[in-house]
Amino acid sequence: MSLAPQPVLAGPTASLLDLIGKTPMVEVSRMDTGKCRLFLKLESQNPGGSIKDRIALSMIAAAEKEGWLKPGGTIVEATAGNTGLALTLVGQAKGYKVLLVIPDKMSKEKIQHLRAMGADVRLTRSDVPHGHPEYYTDMAERLAQQIPGGYYVNQFSNDANSAAHFETTGPEIWEQMDGKVDAFVAGIGSGGTITGIGQFLKSKGSKAQIILADPVGSTLAGIVNEGVPGPEGSYTVEGIGQNFVPETAHMDLIDKAYSIPDAEAIATVRELLLKEGILAGSSSGTLIASALRWCREQTEPRSCVTFVCDTGAKYLSKVYNDAWLADQGLGERQLHGDLSDLITRKYEDGAVVFAGPDDTLDTVFKRMRGADVSQLPIFSEGRLVGIVDESDLVHTMNTDAITREERFKLPVSKVMTRDLDTVQVKEPLDALVPLFDRDRVAIVLDGERFVGLITRTDLINHLSLNR
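Source: prediction; values computed, not measured.

Colleague: Give me the pairing of strand β9 (residues 256-260): which residues, what numbers.
Modeller: Bridging between strand β8 (residues 209-215) and β9 involves five bridges; their strand directions are parallel. Following the sheet pairing, L212 is matched in β9 by A257.

Colleague: Lay out the sheet that holds strand β4 (residues 97-103) in plain terms, naming residues and giving numbers.
Modeller: A sheet is described by the order of its strands in space; here four strands give the open sequence β5-β4-β3-β6, paired in parallel fashion. Unpaired on one side and paired on the other, β5 (120-124) and β6 (150-152) mark the two borders of the sheet. Recorded for the sheet is a direction-independent mean angle of 20° between the axes of neighbouring strands. Across five bridges, strand β3 (residues 74-78) lies against β4 in parallel orientation. Each bridged residue has a counterpart across the sheet, and for E77 the counterpart in β4 is L100.

Colleague: Describe the packing of helix α1 (residues 52-66) against helix α5 (residues 159-176), naming the residues involved and giving the relevant values.
Modeller: Where α1 contacts α5, the axes come no closer than 8 Å and their chain directions differ by 130°. With respect to their mutual orientation, α1 and α5 come out oblique. Viewed along their axes, α1 and α5 form a crossing whose handedness is right-handed. For the pair α1 and α5, the contacting residues are R54, I55, S58, M59 and A62 in the first and A160, N161, A164, H165, T168, T169 and E172 in the second. In the contact of α1 with α5, the residues fall into five nonpolar, five polar and two charged.

Colleague: Can you explain the nonpolar core? Please cite residues and give values.
Modeller: Membership of the largest hydrophobic core comes to 61 residues, with the highest contact counts inside it found for L38, L40, I173 and F184. Sort the elements by how many residues they give to this core and helix α9 (residues 282-297) lands first, with seven residues. Judged by nonpolar contacts, the second largest core, of 28 residues, contains L87, V90, I102 and A164.

Colleague: Go over the sheet that holds strand β10 (residues 303-308), please, and point to the residues and values.
Modeller: One open sheet holds the six strands; their spatial order is β1-β2-β10-β7-β8-β9, and the pairing between them is mixed. Both edges of this open sheet fall to β1 (25-27) and β9, since each of them pairs with a single strand only. With direction set aside, neighbouring strand axes in the sheet form an average angle of 25°. In this fold α5 packs onto β1, β2 (37-42), β7 (183-186) and β10, with an angle of close to 135° to the strand it touches most, β2.

Colleague: Let's hear about the pairing of β7: which residues, and what values?
Modeller: Side chains of β7 alternate between two faces, with A183 and V185 and F184 and A186 buried alike. Sheet topology note: the β7/β8 ladder contains four bridges and is parallel. Considered in β8, the bridge of A183 is made with Q209. In this fold, β7 hands off to helix α6 (residues 192-203), which returns the chain to β8; that crossover is right-handed. With two bridges joining them, β7 and β10 adopt parallel strand pairing.

Criteria and thresholds
- Along every chain, residues carry numbers that run from 1 in the direction the sequence is written.
- Thresholds applied to this predicted model are a pLDDT of at least 70 for local features of residues and 80 or more for the giving and counting of side-chain atom pairs; totals over whole chains, interfaces and linings are not thresholded and use all residues.
- Note: side-chain values were computed over all heavy atoms of the structure, leaving out hydrogens and water.
- At least two DSSP bridges between two strands are required for those strands to pair.
- In DSSP terms, a helix is any run of H or I states spanning at least four residues, a strand is any run of E spanning at least two, and both are numbered starting from the N terminus.
- With axes taken as lines fitted to C-alpha atoms, and helix axes fitted only over the stretch in contact, angles between N-to-C directions fall between 0 and 180 degrees.
- The cut-offs work like this: below 35 degrees is roughly parallel, past 145 is roughly antiparallel, 65 to 115 is roughly perpendicular, and the gaps in between are oblique.
- In this scheme the crossing of two helices becomes right-handed for a clockwise turn of the near helix relative to the far one and left-handed for an anticlockwise turn of less than a right angle.
- When checking whether two residues touch, look at their non-hydrogen atoms; a contact exists if any pair is within 4.5 Å.
- Gly falls in the polar group here, along with every residue not listed as nonpolar (Ala, Val, Leu, Ile, Met, Phe, Trp, Tyr, Cys, Pro) or charged (Asp, Glu, Lys, Arg).
- We define the nonpolar core as a collection of buried residues of types Ala, Val, Leu, Ile, Met, Phe, Trp, Tyr and Cys that are connected through side-chain atoms lying within 4.5 Å of one another.
- Exposed residues in this analysis have more than 50% of their type's maximum accessible area, buried residues have under 20%, and partly exposed residues fall in between, with area computed by a 1.4 Å probe over protein chains only.
- The handedness rule is simple: strands pointing away from the viewer, and a clockwise path from the first strand over the helix to the second, make the crossover right-handed.

This is the structure:
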(Lines give C-alpha, C1' and ligand atoms only; values in the text may rest on other atoms or scores of the structure.)
Protein backbone atom coordinates (compact mmCIF):
# COMPACT_ATOMS: atom_id res chain seq x y z
CA MET A 1 0.00 0.00 0.00
CA SER A 2 1.36 3.40 -0.95
CA LEU A 3 0.36 6.45 1.01
CA ALA A 4 -0.85 9.67 -0.58
CA PRO A 5 1.93 12.19 -1.32
CA GLN A 6 2.63 14.87 1.24
CA PRO A 7 0.79 18.15 0.57
CA VAL A 8 2.60 21.35 -0.36
CA LEU A 9 3.26 23.57 2.66
CA ALA A 10 0.46 26.05 3.30
CA GLY A 11 1.06 29.75 3.68
CA PRO A 12 0.76 31.69 6.96
CA THR A 13 -2.57 31.73 8.75
CA ALA A 14 -4.16 34.44 10.87
CA SER A 15 -5.27 32.10 13.67
CA LEU A 16 -4.08 28.92 15.40
CA LEU A 17 -7.63 27.64 15.03
CA ASP A 18 -7.03 27.30 11.30
CA LEU A 19 -4.31 24.75 12.06
CA ILE A 20 -6.57 22.30 13.89
CA GLY A 21 -6.75 18.95 12.07
CA LYS A 22 -4.97 17.73 8.93
CA THR A 23 -2.47 15.95 11.17
CA PRO A 24 0.27 13.68 9.74
CA MET A 25 0.32 9.88 9.72
CA VAL A 26 3.48 7.86 10.40
CA GLU A 27 4.16 4.13 10.12
CA VAL A 28 5.73 2.27 13.04
CA SER A 29 8.97 0.77 11.73
CA ARG A 30 11.06 -0.46 14.69
CA MET A 31 8.51 -2.08 17.01
CA ASP A 32 7.23 -5.64 16.65
CA THR A 33 3.96 -5.42 14.68
CA GLY A 34 3.87 -9.07 13.63
CA LYS A 35 2.72 -9.53 10.03
CA CYS A 36 0.89 -6.19 10.05
CA ARG A 37 1.61 -2.55 9.39
CA LEU A 38 0.73 -0.12 12.17
CA PHE A 39 0.07 3.54 11.45
CA LEU A 40 -0.12 6.35 14.01
CA LYS A 41 -2.05 9.55 13.34
CA LEU A 42 -0.14 12.25 15.18
CA GLU A 43 -2.91 14.21 16.89
CA SER A 44 -0.20 15.59 19.17
CA GLN A 45 0.59 17.93 16.26
CA ASN A 46 -2.61 19.93 16.75
CA PRO A 47 -1.91 23.46 18.08
CA GLY A 48 -3.22 22.57 21.54
CA GLY A 49 -1.18 19.37 21.57
CA SER A 50 -4.01 16.83 21.42
CA ILE A 51 -6.88 15.32 19.48
CA LYS A 52 -9.32 17.30 21.65
CA ASP A 53 -8.70 20.49 19.65
CA ARG A 54 -11.05 19.07 17.02
CA ILE A 55 -14.01 18.61 19.34
CA ALA A 56 -13.48 21.94 21.13
CA LEU A 57 -13.79 23.79 17.83
CA SER A 58 -16.87 21.76 16.88
CA MET A 59 -18.68 21.99 20.23
CA ILE A 60 -18.14 25.74 20.68
CA ALA A 61 -19.28 26.42 17.11
CA ALA A 62 -22.42 24.35 17.70
CA ALA A 63 -23.17 26.15 20.99
CA GLU A 64 -22.84 29.52 19.28
CA LYS A 65 -25.08 28.44 16.41
CA GLU A 66 -27.79 27.17 18.80
CA GLY A 67 -27.57 30.28 20.98
CA TRP A 68 -26.46 28.44 24.11
CA LEU A 69 -23.18 30.36 24.27
CA LYS A 70 -23.45 34.11 24.00
CA PRO A 71 -20.78 36.89 23.90
CA GLY A 72 -19.16 37.33 27.33
CA GLY A 73 -20.31 33.88 28.43
CA THR A 74 -18.37 31.29 30.40
CA ILE A 75 -17.49 27.87 29.03
CA VAL A 76 -17.70 25.24 31.79
CA GLU A 77 -16.48 21.68 31.35
CA ALA A 78 -15.40 18.55 33.18
CA THR A 79 -12.16 17.33 31.68
CA ALA A 80 -9.09 15.17 32.18
CA GLY A 81 -7.07 18.10 30.90
CA ASN A 82 -6.79 17.92 27.12
CA THR A 83 -10.38 18.93 26.39
CA GLY A 84 -9.86 21.77 28.84
CA LEU A 85 -6.72 22.91 27.06
CA ALA A 86 -8.54 22.77 23.74
CA LEU A 87 -11.60 24.63 25.04
CA THR A 88 -9.35 27.31 26.55
CA LEU A 89 -7.45 27.68 23.29
CA VAL A 90 -10.64 28.02 21.22
CA GLY A 91 -12.71 29.83 23.86
CA GLN A 92 -10.18 32.56 24.54
CA ALA A 93 -9.62 33.09 20.82
CA LYS A 94 -13.35 33.78 20.64
CA GLY A 95 -13.48 35.96 23.76
CA TYR A 96 -15.06 33.60 26.32
CA LYS A 97 -14.08 32.85 29.92
CA VAL A 98 -13.30 29.20 30.69
CA LEU A 99 -13.90 27.29 33.96
CA LEU A 100 -12.68 23.70 34.15
CA VAL A 101 -13.29 20.94 36.71
CA ILE A 102 -10.43 18.44 36.71
CA PRO A 103 -9.88 15.19 38.71
CA ASP A 104 -6.95 15.47 41.09
CA LYS A 105 -4.97 12.61 39.51
CA MET A 106 -4.15 14.63 36.40
CA SER A 107 -0.55 15.56 35.63
CA LYS A 108 0.73 18.84 37.03
CA GLU A 109 1.94 19.84 33.55
CA LYS A 110 -1.65 19.94 32.30
CA ILE A 111 -2.87 21.92 35.30
CA GLN A 112 0.00 24.42 35.07
CA HIS A 113 -0.60 24.77 31.33
CA LEU A 114 -4.30 25.49 31.85
CA ARG A 115 -3.72 28.09 34.54
CA ALA A 116 -1.01 29.78 32.47
CA MET A 117 -3.54 30.07 29.63
CA GLY A 118 -5.95 31.86 31.96
CA ALA A 119 -8.45 29.08 32.68
CA ASP A 120 -10.18 28.95 36.07
CA VAL A 121 -9.21 25.45 37.23
CA ARG A 122 -11.15 23.66 39.99
CA LEU A 123 -9.67 20.37 41.22
CA THR A 124 -11.98 17.67 42.52
CA ARG A 125 -11.71 14.10 43.77
CA SER A 126 -10.78 11.26 41.40
CA ASP A 127 -11.82 8.52 43.85
CA VAL A 128 -15.61 9.00 43.70
CA PRO A 129 -18.07 7.48 41.21
CA HIS A 130 -20.32 9.06 38.61
CA GLY A 131 -23.33 10.55 40.47
CA HIS A 132 -21.33 11.71 43.50
CA PRO A 133 -21.55 15.51 43.99
CA GLU A 134 -17.74 15.78 43.82
CA TYR A 135 -17.44 13.68 40.66
CA TYR A 136 -16.04 15.99 38.02
CA THR A 137 -19.01 15.93 35.61
CA ASP A 138 -21.56 16.46 38.39
CA MET A 139 -19.55 19.33 39.83
CA ALA A 140 -19.12 21.03 36.43
CA GLU A 141 -22.84 20.84 35.64
CA ARG A 142 -23.68 22.35 39.02
CA LEU A 143 -21.22 25.22 38.59
CA ALA A 144 -22.52 26.02 35.08
CA GLN A 145 -26.02 26.42 36.51
CA GLN A 146 -24.75 28.83 39.16
CA ILE A 147 -22.76 31.10 36.80
CA PRO A 148 -24.68 33.76 34.82
CA GLY A 149 -24.03 33.07 31.15
CA GLY A 150 -22.42 29.73 31.97
CA TYR A 151 -22.56 27.00 29.32
CA TYR A 152 -21.86 23.40 30.32
CA VAL A 153 -20.23 21.83 27.28
CA ASN A 154 -20.70 18.23 28.47
CA GLN A 155 -18.52 16.45 25.94
CA PHE A 156 -19.96 13.14 27.21
CA SER A 157 -23.37 13.74 25.61
CA ASN A 158 -22.59 16.44 23.06
CA ASP A 159 -23.37 15.37 19.48
CA ALA A 160 -20.87 17.90 18.15
CA ASN A 161 -18.15 15.77 19.78
CA SER A 162 -18.60 12.74 17.52
CA ALA A 163 -19.56 15.00 14.59
CA ALA A 164 -16.07 16.55 14.67
CA HIS A 165 -14.53 13.14 14.04
CA PHE A 166 -17.12 12.07 11.47
CA GLU A 167 -16.50 15.27 9.52
CA THR A 168 -12.73 15.67 9.88
CA THR A 169 -10.70 12.86 11.51
CA GLY A 170 -12.44 9.98 9.74
CA PRO A 171 -12.12 11.49 6.25
CA GLU A 172 -8.47 12.34 6.89
CA ILE A 173 -7.68 8.74 7.89
CA TRP A 174 -9.54 7.44 4.85
CA GLU A 175 -7.63 9.74 2.52
CA GLN A 176 -4.22 9.13 4.11
CA MET A 177 -4.70 5.34 4.06
CA ASP A 178 -6.24 5.31 0.57
CA GLY A 179 -9.24 3.53 2.12
CA LYS A 180 -7.13 0.51 3.17
CA VAL A 181 -7.88 0.19 6.89
CA ASP A 182 -8.36 -3.28 8.41
CA ALA A 183 -8.55 -2.15 12.03
CA PHE A 184 -9.03 1.13 13.84
CA VAL A 185 -8.11 1.40 17.54
CA ALA A 186 -9.33 4.11 19.94
CA GLY A 187 -10.17 4.58 23.59
CA ILE A 188 -13.29 5.98 25.20
CA GLY A 189 -12.96 9.09 27.30
CA SER A 190 -16.03 10.95 26.20
CA GLY A 191 -16.77 8.51 23.37
CA GLY A 192 -16.74 10.91 20.43
CA THR A 193 -13.59 9.64 18.72
CA ILE A 194 -14.49 5.96 18.39
CA THR A 195 -18.11 6.80 17.54
CA GLY A 196 -17.48 9.48 14.93
CA ILE A 197 -14.69 7.61 13.13
CA GLY A 198 -16.48 4.28 13.45
CA GLN A 199 -19.60 5.78 11.86
CA PHE A 200 -17.55 7.33 9.07
CA LEU A 201 -15.77 4.08 8.24
CA LYS A 202 -19.13 2.26 8.16
CA SER A 203 -20.55 4.96 5.87
CA LYS A 204 -17.74 4.23 3.38
CA GLY A 205 -18.56 0.52 3.39
CA SER A 206 -15.33 -0.29 5.22
CA LYS A 207 -14.99 -3.72 6.84
CA ALA A 208 -12.44 -2.40 9.32
CA GLN A 209 -12.67 -3.81 12.82
CA ILE A 210 -13.37 -1.13 15.42
CA ILE A 211 -11.22 -1.91 18.47
CA LEU A 212 -11.62 -0.40 21.94
CA ALA A 213 -8.44 0.17 23.96
CA ASP A 214 -9.41 0.28 27.64
CA PRO A 215 -7.32 0.59 30.82
CA VAL A 216 -7.59 -2.25 33.33
CA GLY A 217 -9.91 -0.80 35.98
CA SER A 218 -12.29 0.73 33.43
CA THR A 219 -15.55 -1.17 33.02
CA LEU A 220 -16.02 -0.62 29.28
CA ALA A 221 -14.04 -3.53 27.84
CA GLY A 222 -16.29 -5.94 29.73
CA ILE A 223 -19.38 -4.44 28.09
CA VAL A 224 -17.88 -5.04 24.63
CA ASN A 225 -16.48 -8.52 25.21
CA GLU A 226 -18.89 -10.05 27.74
CA GLY A 227 -21.94 -7.80 27.61
CA VAL A 228 -21.53 -6.75 31.26
CA PRO A 229 -19.33 -4.08 32.89
CA GLY A 230 -15.85 -5.26 33.73
CA PRO A 231 -14.39 -5.06 37.25
CA GLU A 232 -13.90 -1.47 38.37
CA GLY A 233 -10.59 -0.32 39.76
CA SER A 234 -8.07 2.50 39.77
CA TYR A 235 -5.57 3.22 37.01
CA THR A 236 -3.01 5.93 36.33
CA VAL A 237 -3.57 6.38 32.58
CA GLU A 238 -5.26 9.72 31.94
CA GLY A 239 -8.05 10.68 29.58
CA ILE A 240 -9.61 7.31 28.69
CA GLY A 241 -11.61 4.67 30.55
CA GLN A 242 -14.85 5.14 32.48
CA ASN A 243 -17.11 3.45 35.02
CA PHE A 244 -20.15 4.40 32.90
CA VAL A 245 -20.99 4.50 29.20
CA PRO A 246 -21.00 8.10 27.93
CA GLU A 247 -24.06 8.98 25.85
CA THR A 248 -21.75 9.87 22.97
CA ALA A 249 -20.28 6.35 22.87
CA HIS A 250 -22.13 4.00 20.49
CA MET A 251 -20.94 0.68 21.85
CA ASP A 252 -22.66 -1.29 19.07
CA LEU A 253 -20.02 -0.01 16.63
CA ILE A 254 -17.20 -1.74 18.55
CA ASP A 255 -16.13 -5.25 17.50
CA LYS A 256 -13.56 -6.07 20.19
CA ALA A 257 -11.86 -4.60 23.26
CA TYR A 258 -8.50 -5.05 24.94
CA SER A 259 -7.91 -4.33 28.63
CA ILE A 260 -4.42 -2.90 29.05
CA PRO A 261 -2.76 -2.65 32.48
CA ASP A 262 -0.93 0.55 33.36
CA ALA A 263 2.46 -1.16 33.30
CA GLU A 264 1.97 -2.35 29.71
CA ALA A 265 0.68 1.03 28.54
CA ILE A 266 3.61 2.89 30.07
CA ALA A 267 6.17 0.38 28.84
CA THR A 268 4.71 0.70 25.33
CA VAL A 269 4.78 4.47 25.24
CA ARG A 270 8.35 4.53 26.53
CA GLU A 271 9.35 1.96 23.92
CA LEU A 272 7.70 4.19 21.31
CA LEU A 273 10.01 7.03 22.33
CA LEU A 274 13.12 4.85 22.40
CA LYS A 275 12.51 3.11 19.07
CA GLU A 276 10.40 5.53 17.03
CA GLY A 277 11.40 8.87 18.58
CA ILE A 278 7.76 9.79 19.29
CA LEU A 279 7.02 11.44 22.65
CA ALA A 280 3.44 10.44 23.43
CA GLY A 281 1.07 10.62 26.40
CA SER A 282 -0.18 7.84 28.66
CA SER A 283 -3.47 7.16 26.85
CA SER A 284 -1.49 6.68 23.63
CA GLY A 285 0.32 3.84 25.40
CA THR A 286 -3.00 2.08 25.99
CA LEU A 287 -4.06 2.57 22.36
CA ILE A 288 -0.76 1.47 20.86
CA ALA A 289 -0.47 -1.54 23.20
CA SER A 290 -3.94 -2.63 22.04
CA ALA A 291 -3.01 -2.07 18.40
CA LEU A 292 0.17 -4.12 18.84
CA ARG A 293 -1.82 -6.95 20.44
CA TRP A 294 -4.22 -6.95 17.49
CA CYS A 295 -1.39 -6.83 14.95
CA ARG A 296 0.49 -9.72 16.56
CA GLU A 297 -2.65 -11.87 16.58
CA GLN A 298 -3.11 -11.65 12.81
CA THR A 299 -2.00 -14.50 10.56
CA GLU A 300 -1.86 -12.46 7.36
CA PRO A 301 -0.66 -8.94 6.51
CA ARG A 302 -3.14 -6.22 7.46
CA SER A 303 -3.18 -2.50 8.24
CA CYS A 304 -4.08 -0.97 11.60
CA VAL A 305 -4.54 2.70 12.49
CA THR A 306 -4.50 4.34 15.91
CA PHE A 307 -3.47 7.65 17.46
CA VAL A 308 -0.81 9.49 19.31
CA CYS A 309 -3.56 11.31 21.20
CA ASP A 310 -1.38 13.95 22.82
CA THR A 311 2.22 14.85 23.47
CA GLY A 312 4.21 13.17 26.23
CA ALA A 313 5.54 16.57 27.27
CA LYS A 314 2.41 16.75 29.45
CA TYR A 315 3.53 13.66 31.39
CA LEU A 316 7.24 14.19 32.02
CA SER A 317 6.68 14.25 35.79
CA LYS A 318 4.82 10.92 35.64
CA VAL A 319 5.13 8.49 32.74
CA TYR A 320 8.71 9.54 31.98
CA ASN A 321 9.79 9.90 35.63
CA ASP A 322 11.43 6.71 36.97
CA ALA A 323 10.96 7.76 40.60
CA TRP A 324 7.23 8.36 40.08
CA LEU A 325 6.84 4.99 38.38
CA ALA A 326 8.61 3.31 41.29
CA ASP A 327 6.29 5.08 43.73
CA GLN A 328 3.32 3.68 41.78
CA GLY A 329 4.77 0.18 41.66
CA LEU A 330 5.05 0.45 37.86
CA GLY A 331 8.78 0.72 37.40
CA GLU A 332 10.93 -2.15 36.16
CA ARG A 333 13.09 -2.74 39.22
CA GLN A 334 14.57 -5.75 40.93
CA LEU A 335 13.13 -6.44 44.38
CA HIS A 336 15.38 -7.75 47.14
CA GLY A 337 12.91 -8.42 49.94
CA ASP A 338 14.58 -5.91 52.25
CA LEU A 339 14.43 -2.21 53.09
CA SER A 340 16.02 -1.27 49.75
CA ASP A 341 12.64 -2.07 48.13
CA LEU A 342 11.24 1.06 49.81
CA ILE A 343 13.95 3.33 48.40
CA THR A 344 12.97 4.92 45.10
CA ARG A 345 16.15 7.04 44.78
CA LYS A 346 19.23 4.93 45.42
CA TYR A 347 22.68 6.39 45.94
CA GLU A 348 24.43 3.74 43.83
CA ASP A 349 22.20 4.63 40.86
CA GLY A 350 23.17 8.31 41.08
CA ALA A 351 19.55 9.19 41.89
CA VAL A 352 20.18 10.79 45.31
CA VAL A 353 20.41 14.58 45.45
CA PHE A 354 23.03 15.53 48.07
CA ALA A 355 25.33 18.32 49.19
CA GLY A 356 28.82 18.77 50.57
CA PRO A 357 29.59 20.26 54.00
CA ASP A 358 30.92 23.49 52.45
CA ASP A 359 27.81 24.09 50.32
CA THR A 360 25.80 27.10 51.46
CA LEU A 361 22.30 26.91 52.87
CA ASP A 362 21.17 28.76 49.76
CA THR A 363 22.56 25.95 47.58
CA VAL A 364 21.05 23.28 49.83
CA PHE A 365 17.62 24.90 49.80
CA LYS A 366 17.61 25.22 46.00
CA ARG A 367 18.59 21.57 45.60
CA MET A 368 15.85 20.47 47.98
CA ARG A 369 13.27 22.58 46.19
CA GLY A 370 14.42 21.46 42.75
CA ALA A 371 14.27 17.77 43.68
CA ASP A 372 11.03 18.18 45.67
CA VAL A 373 12.53 16.60 48.80
CA SER A 374 12.53 17.78 52.40
CA GLN A 375 15.99 16.54 53.39
CA LEU A 376 19.47 16.10 51.90
CA PRO A 377 22.30 13.78 52.93
CA ILE A 378 25.68 15.48 53.27
CA PHE A 379 28.76 13.73 51.84
CA SER A 380 32.45 14.47 52.28
CA GLU A 381 34.93 12.56 50.11
CA GLY A 382 32.31 9.90 49.38
CA ARG A 383 31.43 9.36 53.05
CA LEU A 384 28.09 10.24 54.67
CA VAL A 385 28.81 12.83 57.37
CA GLY A 386 25.42 14.36 58.10
CA ILE A 387 21.90 15.15 57.04
CA VAL A 388 19.93 18.39 56.84
CA ASP A 389 16.18 18.83 56.63
CA GLU A 390 13.68 21.67 56.43
CA SER A 391 13.45 22.04 60.20
CA ASP A 392 17.22 22.67 60.38
CA LEU A 393 16.88 25.46 57.83
CA VAL A 394 13.88 27.00 59.58
CA HIS A 395 15.72 26.95 62.91
CA THR A 396 18.68 28.76 61.34
CA MET A 397 16.46 31.36 59.72
CA ASN A 398 14.76 32.12 63.05
CA THR A 399 17.47 34.43 64.38
CA ASP A 400 18.24 38.15 64.34
CA ALA A 401 21.93 37.65 65.12
CA ILE A 402 22.88 37.91 61.44
CA THR A 403 21.21 39.31 58.35
CA ARG A 404 18.99 37.21 56.12
CA GLU A 405 21.61 37.31 53.38
CA GLU A 406 24.28 36.07 55.78
CA ARG A 407 22.06 33.23 56.97
CA PHE A 408 21.82 31.80 53.46
CA LYS A 409 25.59 32.08 53.03
CA LEU A 410 26.28 29.81 56.03
CA PRO A 411 27.87 26.44 55.16
CA VAL A 412 25.54 23.51 55.76
CA SER A 413 28.15 21.99 58.11
CA LYS A 414 27.08 24.64 60.65
CA VAL A 415 23.49 23.36 60.85
CA MET A 416 23.44 19.73 59.66
CA THR A 417 22.69 16.85 62.01
CA ARG A 418 25.79 14.72 62.63
CA ASP A 419 24.12 12.28 65.02
CA LEU A 420 22.74 9.95 62.37
CA ASP A 421 19.92 7.47 62.95
CA THR A 422 20.75 4.54 60.71
CA VAL A 423 19.24 1.14 60.00
CA GLN A 424 20.78 -1.77 58.16
CA VAL A 425 19.19 -2.74 54.86
CA LYS A 426 18.35 -6.26 56.10
CA GLU A 427 16.42 -5.07 59.18
CA PRO A 428 12.61 -5.54 59.24
CA LEU A 429 10.06 -2.81 58.50
CA ASP A 430 9.38 -2.50 62.23
CA ALA A 431 12.85 -0.99 62.66
CA LEU A 432 11.63 2.16 60.88
CA VAL A 433 8.84 3.00 63.31
CA PRO A 434 11.01 4.20 66.25
CA LEU A 435 12.85 6.57 63.90
CA PHE A 436 9.61 8.01 62.58
CA ASP A 437 8.29 8.35 66.14
CA ARG A 438 11.27 10.64 66.82
CA ASP A 439 10.46 12.65 63.67
CA ARG A 440 13.55 11.36 61.87
CA VAL A 441 14.13 10.09 58.34
CA ALA A 442 15.59 6.57 58.10
CA ILE A 443 19.16 6.45 56.78
CA VAL A 444 19.64 2.99 55.28
CA LEU A 445 23.11 1.41 55.21
CA ASP A 446 24.49 -1.84 53.85
CA GLY A 447 27.34 -2.32 56.29
CA GLU A 448 29.00 1.11 56.06
CA ARG A 449 27.78 1.81 52.53
CA PHE A 450 24.96 4.35 52.16
CA VAL A 451 21.97 2.94 50.25
CA GLY A 452 19.35 5.69 50.51
CA LEU A 453 16.70 7.39 52.62
CA ILE A 454 13.25 6.20 53.68
CA THR A 455 10.56 8.66 54.74
CA ARG A 456 7.17 8.08 56.29
CA THR A 457 5.61 8.55 52.86
CA ASP A 458 7.88 5.85 51.42
CA LEU A 459 6.73 3.41 54.10
CA ILE A 460 3.04 4.24 53.63
CA ASN A 461 3.40 3.92 49.85
CA HIS A 462 5.10 0.53 50.21
CA LEU A 463 2.36 -0.74 52.51
CA SER A 464 -0.32 0.57 50.13
CA LEU A 465 1.22 -1.16 47.11
CA ASN A 466 1.65 -4.45 49.00
CA ARG A 467 -1.69 -4.80 50.75
